[in-house]
Amino acid sequence: MNEDSEIVLVGGGVMSLTLAAMLKELQPSAHISIYEMLDDVALESSMTWNNAGTGHQALCELNYTPKQADGSINITKALKINQQYELSKEFWAYCVQQGILKSPRTFINPVAHLSFVVDNIVPYLKQRYQTLQTSPLFTNMQYSEDREQIRQWAPLLLEGRDEKQQMAVTYMEEGSDVDFGEITRQFRDMLSQKDNFNVYLHHKVYDLKKEGSSWRLYIRDTKSGEKKQVKAKFVFLGAGGGSFPLLQKSGIPEGKGYGGFPVGGLWLVCKNREIIDKHHTKIYGKASIGDPPMSVPHLDTRIIQGKKELLFGPYAGFNTKFLKHGSLLDFPLSVRLSNFTPMLQAGIDNVPLTIYLIKQILMSNNQRMDKLRVFIPNAELKDWEAKFAGQRVQIIKKDAKGRGSLQFGTEVITSHDGSLAALLGASPGASTVVDIMLQVLERCFGQNMASDEWKAKLAQMVPSYKRTLEENIAHFNQCRLKTAQTLQMPFHSI
């Protein structure tokens, strides 16, 4: 079989499959091939157990609303992420209506989102709530310091807690839990029924080179050992941490100077079904002073293959792999002359992160339980077990001053001619997948995106796309109600 393809997507996660689904709607004749090195799609960061967050809409994540030097709360990032996640929900709703995705309950479920703080952080949460209330996007948020009200929302927070301890929460009923692995598999199953679409499992892309206006990819079948070469007009590197070494091998100038810092994760997973059944929310706390954003603790209800689970964490760790199924040589082999200085500078500037990671690695299960007891005071070790989560690669790049800086977001890097795009970074990641893929389409399929045909189709797929914040607020009830009804999610108009 000739595997040359118009479009090649490297990595079988939610990013690649979402891009494939969008392209097939916009251009049904497009010839698309996906190469995944593992036994199935969605086994790395898209897998629910490996994903640190499943439904980021800035409803409860305190790191999206930092306190400024002047004492005010900056909600800019929260407003942006709230709208980005709405684009994802709009596209999923469209896919449900078109029969591309199955019943909403197979991949998205209503789970309220809470922020929770104690003691001297209570004034911050109240100020955050008051600031968010100035936007219609957060009008339905509730704030409470009343223990009986909090008990109704999240009873585990009160069990065994000192009656004198001050506490506060915010509550958003309209939160959700998403199984990105299930979305990925459903896209794969649907697309596989279409012409000119192929998924190749056990296939590792180990090199790529530009040839004229096309790319030549060097691929190895990890089962048979057979090697092959494939040509493509457009390549998307959406392989999680595996994208970074391929970006380096591509040689595009836009990728030079970037470094990658791998960070692992670990959950405490509840084994006691009685405790799991008591809890029905996602609760995010605040990272300790000096700890990085990745350390934000959360007590997380998830629906995994139709079954409710309860996780706490994530606890960070460090090894030199870029993927959970990667190689310990990934990090050392990524060091180049072009990124050595930025990586060294980022290391010097992030000594607290290094100390934090060392402490996390050395932490015992009893010490992990102490962190959990901030949320569930009477938690017992016998009810919980440690489970490894996925690997992330945080971006290191030059900041505005030309100094290497560690980044905690997601970034799309594209070649000047739009023939290659690579996705790097982590949170909020999968939750904003549709917004990220729209960036890829804008940069790499600009001429098509400007056509009346694609514009009309995109208006059906993601109605809020290209609208300003003010426009989205003006259409808030209309758009969000329609999406919520299709996805069978709660929605309260404003």
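Per an unreviewed UniProt entry, the protein chain goes by the name Probable malate:quinone oxidoreductase and belongs to Helicobacter marmotae. As stated in UniProt under Sequence similarities (unreviewed entry), the record for the protein chain gives "Belongs to the MQO family." As its UniProt record puts it under Pathway (unreviewed entry), the protein chain is described as follows: "Carbohydrate metabolism; tricarboxylic acid cycle; oxaloacetate from (S)-malate (quinone route): step 1/1."

Caption draft 1: Main features of the overall build of the protein chain. Tallying secondary structure elements over the protein chain gives 16 helices and 20 strands in all. Against the 2.2 N^0.38 benchmark of 23 Å for 494 residues, the protein chain shows a C-alpha radius of gyration of 22 Å, consistent with a compact globule. In terms of its C-alpha atoms, the protein chain occupies a principal-axis envelope of roughly 70 × 50 × 45 Å. Here the protein chain holds 494 residues, and 57% of them are scored as buried. Across the protein chain, every contact between residues at least 6 apart in sequence was considered, and the portion connecting residues at least 24 apart equals 71%. Carbon and sulfur atoms provide 51% of the accessible area of the protein chain, an area that totals close to 20,700 Å². Mean positive and mean negative side-chain charge positions of the protein chain (57 and 51 charges, respectively) differ by 4 Å.

Caption draft 2: Just the packing of aromatic side chains, in detail. Counting across every chain of the model gives 15 aromatic pairs. Judged by centre distance (4.4 Å) and plane angle (5°), the ring pair of Trp153 and Tyr171 falls under stacked. You can see Trp153 sitting in helix 4 (residues 147-153) and its partner Tyr171 sitting in strand 6 (residues 167-172), a full 18 residues away along the chain. Owing to a relative accessible area of 11%, Trp153 belongs among the buried residues under this scheme. Measuring from ring centre to ring centre gives 6.5 Å for Tyr206 and Tyr218, while their planes differ by 50°; the resulting arrangement is tilted. Taken together, the residues Tyr206 in strand 9 (residues 203-211) and Tyr218 in strand 10 (residues 214-221) connect sequence positions twelve residues apart.

Caption draft 3: Spotlight on empty space enclosed by the protein. Applying the stated criterion across every chain, the model contains three cavities of 30 Å³ or more. Of the pockets and cavities examined, the largest cavity occupies roughly 150 Å³. Gln57, Glu86, Lys89, Glu174 and Arg480 are, among the 15 residues lining the largest cavity, the residues nearest its centre. Elements that contribute at least two residues to the lining of the largest cavity include exactly helix 2 (76-97) and helix 16 (476-487). Residue contributions to the lining of the largest cavity peak at four residues, all from helix 16. For the lining of the largest cavity, the class distribution of residues is eight nonpolar, three polar and four charged. Lining the second largest cavity are Gln83, Glu86, Glu90, Leu137, Ser464, Arg467, Asn472, Ile473, His475, Phe476, Cys479 and Arg480. Taken together, the elements giving at least two residues each to the lining of the second largest cavity come down to helix 2, helix 15 (469-474) and helix 16.

Caption draft 4: Spotlight on the environment of Met363. Among the structural elements, Met363 can be located in the loop between helix 10 (351-362) and helix 11 (365-372). Met363 sits in the buried class, given a relative accessible area of 13%. On a C-alpha basis, the gap between Met363 and Gln478 in space is 49 Å, while along the polypeptide they are 115 residues apart. With residues near it in sequence (within four places) discarded, Met363 still touches Tyr315, Arg368 and Lys371.

Caption draft 5: Main features of a nonpolar patch on the surface. On the surface, Phe318, Ile358, Ile361 and Leu362 cluster together into a nonpolar patch covering about 390 Å² of accessible area. Following the sequence through the fold, Ile358 ends up in helix 10. Residue classification places Ile358 among the partly exposed positions, given a relative accessible area of 44%.

Caption draft 6: Molecular detail of the packing of helix 1 (residues 14-26) against helix 14 (residues 452-461). At a minimum axis separation of 10 Å, helix 1 and helix 14 run at an interaxial angle of 130°. What the angle tells us is that helix 1 and helix 14 run oblique. In this structure, helix 1 meets helix 14 at a crossing whose hand is right-handed. Contacts between helix 1 and helix 14 involve Met22, Leu23, Glu25 and Leu26 from the first element and Trp454, Lys457, Leu458 and Met461 from the second. Class assignment for the residues of the contact of helix 1 with helix 14 results in six nonpolar, no polar and two charged.

About the criteria used
- Along each chain, residues carry numbers from 1 onward, in the same order as the chain's sequence is written.
- With pLDDT at 70 or above as the cut-off, local features in this predicted model cover only qualifying residues; side-chain atom pairs require 80 or more to be listed or tallied, and sums for whole chains, interfaces and linings still use all residues.
- The side-chain figures draw on all heavy atoms in the structure; neither hydrogens nor water molecules are used.
- UniProt positions are given in the numbering used here, feature names are shortened, and annotations may be inferred rather than shown by experiment.
- The numbering of helices and of strands both runs from the N terminus, where a helix is a DSSP run of H or I of at least 4 residues and a strand a run of E of at least 2.
- This radius of gyration counts C-alpha atoms alone. The globule rule is 2.2 Å times how many residues there are, raised to the power 0.38.
- Here the term buried applies to any residue with accessible area under 20% of the maximum for its type, exposed to any over 50%, and partly exposed to those in between, with areas from a 1.4 Å probe on protein chains only.
- Working rule for contacts: check all heavy atoms of both residues, and any pair within 4.5 Å makes them a contact.
- Computed with a 1.4 Å probe, the accessible areas rest on the Shrake-Rupley method; for each residue, only the protein chains presented here act as cover.
- Charged-residue counts in this description rest on Lys and Arg as positive and Asp and Glu as negative, His and the chain ends being excluded.
- In this description, the location of a charge corresponds to atom NZ of lysine, CZ of arginine, CG of aspartate or CD of glutamate.
- Only Phe, Tyr and Trp rings take part, Trp by its six-membered ring, and two of them pair if their centres are within 6.5 Å. Stacked means planes under 30 degrees apart, edge-to-face means over 60, and tilted covers everything else.
- Space inside and on the surface of the protein is sampled on a 1 Å grid over the protein atoms alone, with a cavity defined as a set of points where a 1.4 Å probe fits but cannot get out and a pocket as an open set with protein on both sides within 12 Å along at least 5 of 7 lines; lining residues have an atom within 4 Å of a point.
- Grid points are joined across faces, edges and corners, and a volume is the space filled by probe spheres set on the points.
- Note that Gly is not counted as nonpolar here; it falls among the polar residues with everything else outside the nonpolar set of Ala, Val, Leu, Ile, Met, Phe, Trp, Tyr, Cys and Pro and the charged set of Asp, Glu, Lys and Arg.
- Like-charged residues are merged into a patch within 9 Å and nonpolar side chains (Val, Leu, Ile, Met, Phe, Trp, Tyr) within 5 Å, provided each residue has over 30% relative accessible area and no salt bridge.
- Salt bridges are defined by distance alone: a side-chain nitrogen of Lys or Arg within 4 Å of a carboxyl oxygen of Asp or Glu.
- As a rule, the C-alpha atoms of each element are fitted with a line to give its axis, helices using only the stretch in contact, and angles between N-to-C directions run from 0 to 180 degrees.
- When an angle is under 35 degrees it counts as roughly parallel; over 145 it counts as roughly antiparallel; between 65 and 115 it counts as roughly perpendicular; any other value is oblique.
- Definitions for this section: a left-handed crossing has its near helix turned counterclockwise from the far helix by less than a right angle. A right-handed crossing has that turn clockwise.

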